[in-house]
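Remarks on the overall topology
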Amino acid sequence: MAFGLAALLDDIAAFAKLAAASIDDVGAAAGRASAKATGVVIDDTAVTPRYVEGLAAKRELPVVKRIAVGSLRNKLLFILPAILLLSQFLPDLLTPLLMLGGTYLAFEGAEKVWELVSGTHHAEVETKTEKKAVDEDSVVSSAVRTDFILSAEIMVIALNEVASEAFWSRLIILAIVAVLITVLVYGVVALIVKMDDIGLHLARRDTPWVQSFGRGLVGAMPKVMAVISFVGIIAMLWVGGHILLQGAYDLGWHGPYDVVHHLEHAVTGVAGVGGFLGWLVNTACSAVVGILVGGVVVLVAHLIPRRTHGASDAAATTDPEHPTPTDG
């Protein structure tokens, strides 16, 4: 009986060690997968604050929370099951789907550039109540759509890092990555958008240098938000362009990315800053691809339909059966 109990305890101890090792392996794999997606995480963090610009201060955190919940829902309920099933049964479809998302990102970025250049804006609603309801819903909807693309790239990058793991290990690791990255991104976003409130709080303190720092923080935040908004637009272009370049390369069209790699390698040998210059060249080339592809989509989605409607209106006014009214 004693020998049997000792054997059972040994088995339990061995099982516990195996479970602990498995947890360590999962944690390490989740860490590696998260680190691989760091670049896209930075882009996601830069893009999101742009969506809360113009909202009332008391509504900023609730809107960020809604976007964060939408982001987590994107990752856990839609992206994670989809990429696991695709990687298991139709792995060749992952790249084209990711490229489709990259095209949408490029379109979003190019559309914002077009609005900045042309000065066009969406029509404003009449009342403040309507404006608040429409703005918050549209802000969250637009942000969650953009987040879907960035989250998909994050999850696919993470999946590639743990592709050799068993199915259930991949599921657990990617779920951990989804939660960790969502908390990181939207925690930083919440901190950024409430930095002016922190400055106001500091400005009311008794210590003179703390008050001065708080006032400086408040004064700097509009400029910081403007810079972050601009970086967010550029981030959509370079991430979208990078997805398209990498996807084309993976599908066998090596020419465009070979040119980028050639330019990148030409500057990586510069002492001290070679790595940064290489990243800068890659990013700039990706942004150029993003603005070109996104510009074409903007042209198709906005300008051509508008021109078609204009032609139709002109035809209607010159139709003999529908003469244009004249005075007198």
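Residues numbered from 1 in each chain as written. Predicted model: local features only at pLDDT ≥ 70, side-chain atom pairs only at ≥ 80, totals over all residues. Heavy atoms only, no water.

1. Thoughts on the overall build of the protein
Summing up its helical and strand segments, the protein has 10 helices and zero strands in all. When the helices and strands of the protein are placed in sequence order, the string is α-α-α-α-α-α-α-α-α-α. Out of the 328 residues in the protein, the part that is buried amounts to 36%. Considering only intrachain contacts with a sequence separation of at least 6, the fraction spanning at least 24 residues in the protein is 77%. (Helix = DSSP H or I, 4+ residues; strand = E, 2+ residues; numbered from the N terminus. Buried < 20%, exposed > 50% of the residue type's maximum accessible area, 1.4 Å probe, protein only. Contact = heavy atoms within 4.5 Å.)

2. Looking at the packing of helix 8 (residues 208-250) against helix 9 (residues 255-268)
Between helix 8 and helix 9, the shortest axis-to-axis distance is 7 Å and the interhelical angle comes to 115°. Contact residues: His242, Leu245, Gln246 and Tyr249 in helix 8; Pro256, Tyr257, Asp258 and Val260 in helix 9. (Axes fitted to C-alpha atoms, helices over the stretch in contact; angles between N-to-C directions.)

3. What to know about the packing of helix 6 (residues 167-193) against helix 7 (residues 195-203)
For the pair helix 6 and helix 7, the least separation of the axes is 4 Å and the interaxial angle reads 50°. It follows from the interaxial angle that helix 6 and helix 7 lie oblique. Across the interface between the two elements, Leu191, Ile192 and Val193 from helix 6 touch Met195, Asp196 and Ile198 from helix 7. Classifying every residue of the contact of helix 6 with helix 7 gives five nonpolar, no polar and one charged. (Parallel < 35°, antiparallel > 145°, perpendicular 65-115°, else oblique. Nonpolar A, V, L, I, M, F, W, Y, C, P; charged D, E, K, R; others polar.)

4. Examining the pattern of salt bridges
According to the stated counting rule, one finds five salt bridges in the structure shown. Between Glu136 and Arg59 there is a salt bridge whose closest N-O contact spans 2.7 Å. Of this pair, Glu136 sits in helix 5 (residues 128-161) while Arg59 sits in helix 3 (residues 57-89), and the two are 77 residues apart along the sequence. With a closest N to O distance of 3.7 Å, Glu60 and Lys194 form a salt bridge. Remark: Lys194 occurs in the loop between helix 6 and helix 7 and Glu60 occurs in helix 3; sequence separation between them is 134 residues. Assigned by exposure class, Glu60 and Lys194 land together as buried. (Salt bridge = Lys/Arg side-chain N within 4 Å of Asp/Glu carboxyl O.)

5. Remarks on the nonpolar core
With 48 residues, the main nonpolar core has Val63, Val64, Ile83, Leu105, Met155 and Leu174 as its most contacted residues. Elements represented by at least two residues in this core include exactly helix 3, helix 4 (94-118), helix 5, helix 6 and helix 8. Looking at which element gives the most residues to this core, the answer is helix 5, with 12 residues. Contact partners of Leu174, with chain neighbours within four places excluded, come to Leu80, Ile83, Leu84, Met155, Ala158, Leu159 and Val162. Counting residues in each nonpolar core, the second largest holds five residues, with Leu245, Val260, Val281 and Cys285 among its members. (Core = buried A, V, L, I, M, F, W, Y, C linked by side-chain atoms within 4.5 Å.)

6. Looking at the packing of aromatic side chains
The geometry of an aromatic ring pair comes down to the distance between the two centres and the angle between the two planes. Under the defined criterion, the tally for this structure stands at five aromatic pairs. Geometrically, the ring pair formed by Trp238 and Trp279 is edge-to-face, given 6.2 Å between the ring centres and 85° between the ring planes. Of this pair, Trp238 sits in helix 8 while Trp279 is found in helix 10 (residues 274-318), placing the two residues 41 residues apart along the sequence. (Phe/Tyr/Trp six-rings, centres within 6.5 Å; stacked < 30°, edge-to-face > 60°.)

7. Let's talk about the side chain of Asn74
By the secondary structure assignment, Asn74 is in helix 3. A polar contact of 3.2 Å, which involves the side chain of Asn74, links it to the backbone oxygen of Val144. Beyond its immediate chain neighbours, meaning those up to four positions away, Asn74 contacts Ile79, Val144, Asp147 and Phe148. (Polar contact = N/O pair within 3.5 Å; in protein donor to acceptor, adjacent residues only side chain to side chain.)

8. Considering the UniProt feature "transmembrane region" (unreviewed entry) in the protein
Look at the UniProt record and you will see "transmembrane region" (unreviewed entry) annotated at residues 76-99, 171-193, 224-245 and 279-304. Structurally, residues 171-193 is divided into 100% helix and 0% strand, and its ends, taken at the C-alpha atoms, are 33 Å apart. Across residues 224-245 one finds 100% helix and 0% strand; the C-alpha atoms that close the span lie 31 Å apart. (UniProt positions renumbered as here; feature names shortened; annotations may be inferred.)

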